[in-house]
Amino acid sequence: DTAVSQTPKYLVTQMGNDKSIKCEQNLGHDTMYWYKQDSKKFLKIMFSYNNKELIINETVPNRFSPKSPDKAHLNLHINSLELGDSAVYFCASSQSRYNEQFFGPGTRLTVL
Amino acid sequence: DQQVKQNSPSLSVQEGRISILNCDYTNSMFDYFLWYKKYPAEGPTFLISISSIKDKNEDGRFTVFLNKSAKHLSLHIVPSQPGDSAVYFCAGRTGANNLFFGTGTRLTVIP
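What counts, and at which threshold
- All residue numbers refer to positions counted from 1 along the written sequence of the respective chain.
- Following the order in which they are written, the chains are lettered starting with A and the ligands numbered starting with 1.
- Predicted model: local features are reported for residues with pLDDT of at least 70 only, side-chain atom pairs are reported and counted for 80 or more only, and whole-chain, interface and lining totals are derived from all residues.
- Computation of side-chain values covers all heavy atoms of the structure but excludes hydrogens and water.
- Contacts are residue-level and defined by heavy atoms, with any inter-residue pair within 4.5 Å sufficient.
- For salt bridges, the criterion is a side-chain nitrogen of Lys or Arg within 4 Å of an Asp or Glu carboxyl oxygen.
- For this analysis, a polar contact is any N or O atom pair within 3.5 Å, provided that within protein one partner can donate a hydrogen and the other can accept it, and provided that sequence-adjacent residues contribute only side-chain to side-chain pairs.
- For this scheme, ten residues count as nonpolar: Ala, Val, Leu, Ile, Met, Phe, Trp, Tyr, Cys and Pro. Four count as charged, namely Asp, Glu, Lys and Arg, and the remainder, Gly too, count as polar.
- Only protein chains enter the area calculation, which uses a 1.4 Å probe; residues under 20% of their type maximum are buried, those over 50% are exposed, and those in between are partly exposed.
- Here a strand is any run of E in DSSP of at least two residues, a helix any run of H or I of at least four, and the numbering for each starts at the N terminus.
- The criterion for strand pairing is that DSSP finds at least two bridges linking the strands in question.

Quick rundown of the interface of chain B and chain A? Include the residues and the values.
With 18 residues of chain B at the contact, the number on the chain A side is 22 residues. At the boundary of chain B and chain A, one finds 0 salt bridges. Taken together, the connections running from chain B to chain A amount to 3 residue pairs in polar contact (both at pLDDT 80 or more). In the side of chain B that touches chain A, the residues fall into 8 nonpolar, 7 polar and 3 charged.

Explain the pairing of strand β5 (residues 43-50) of chain A to me, using residue names and the numbers behind them.
Regular strands have side chains that alternate between both faces of the sheet. Residues and elements named next belong to chain A. Taken across its 8 residues, β5 has 7 buried, putting it largely inside the fold. Examined bridge by bridge, strand β4 (residues 31-37) and β5 share 7 bridges and lie antiparallel to one another. In the sheet register, Gln 37 faces β5, and the bridge partner there is Leu 43. Linking two consecutive strands that pair antiparallel, namely β4 and β5, is a turn of 5 residues; a positive phi of about 70° is found at Lys 41 within it. Here β5 runs beside strand β6 (residues 53-57); their pairing, made up of 4 bridges, is antiparallel.

Go over the sheet that holds strand β3 (residues 19-25) of chain B, please, and point to the residues and values.
Residue and element names in this part refer to chain B. Read from one edge of the open sheet, 5 strands run β1-β3-β8-β7-β6, paired in antiparallel fashion. If you trace the sheet from one side to the other, it starts and ends with β1 (4-5) and β6 (56-59), each paired once. Pairing of β6 with strand β7 (residues 62-67), which is carried by 4 bridges, proceeds in the antiparallel orientation. Each bridged residue has a counterpart across the sheet, and for Asp 59 the counterpart in β7 is Phe 62.

Printed below as a string of structure tokens:
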């Protein structure tokens, strides 16, 4: 029973393509997040959603668009992929905006 | 602008001895500090946290110490076990649950 799951686990694609990464949590949490871990292992928040509403949007290019169809899902859509988008993307969730975050296993995106 | 720094990328410790992982931060507005543990091909797992108004929090073999004047915290693991081998991330939290992570320290516990 995976608490926070992400698909796909690996994603290899060409520059300029559009791709999506899906995230689902079965913990009944209200808040979900997307993080990016770059090649220097620096893990940085991208977005935070609370009850399907965006509450944090760090300095992320607008090619990245999170979509939350319901409380249990927060998908990440990326347009016009660039080489610098290659990274590991982690989804996370928490009971509320003030509780510990539970992370998914990550999606390794490689842009060629 | 890295607000949380872990200056030791790796640490090796003998089984049974103490592991001390260090973390420095610059943002005085952090209200909580958290340690996460990460195994390869998995996401980070929450380990222990400490409020900014405390100087110590203990949970079993894990203790976190906070020195606010020095903007420094450390995680002590005693006794260290081979299963503790992983990458440990320190994070500072702002009020909106926005976590700022360090770059991690890889701990290797030698049997």
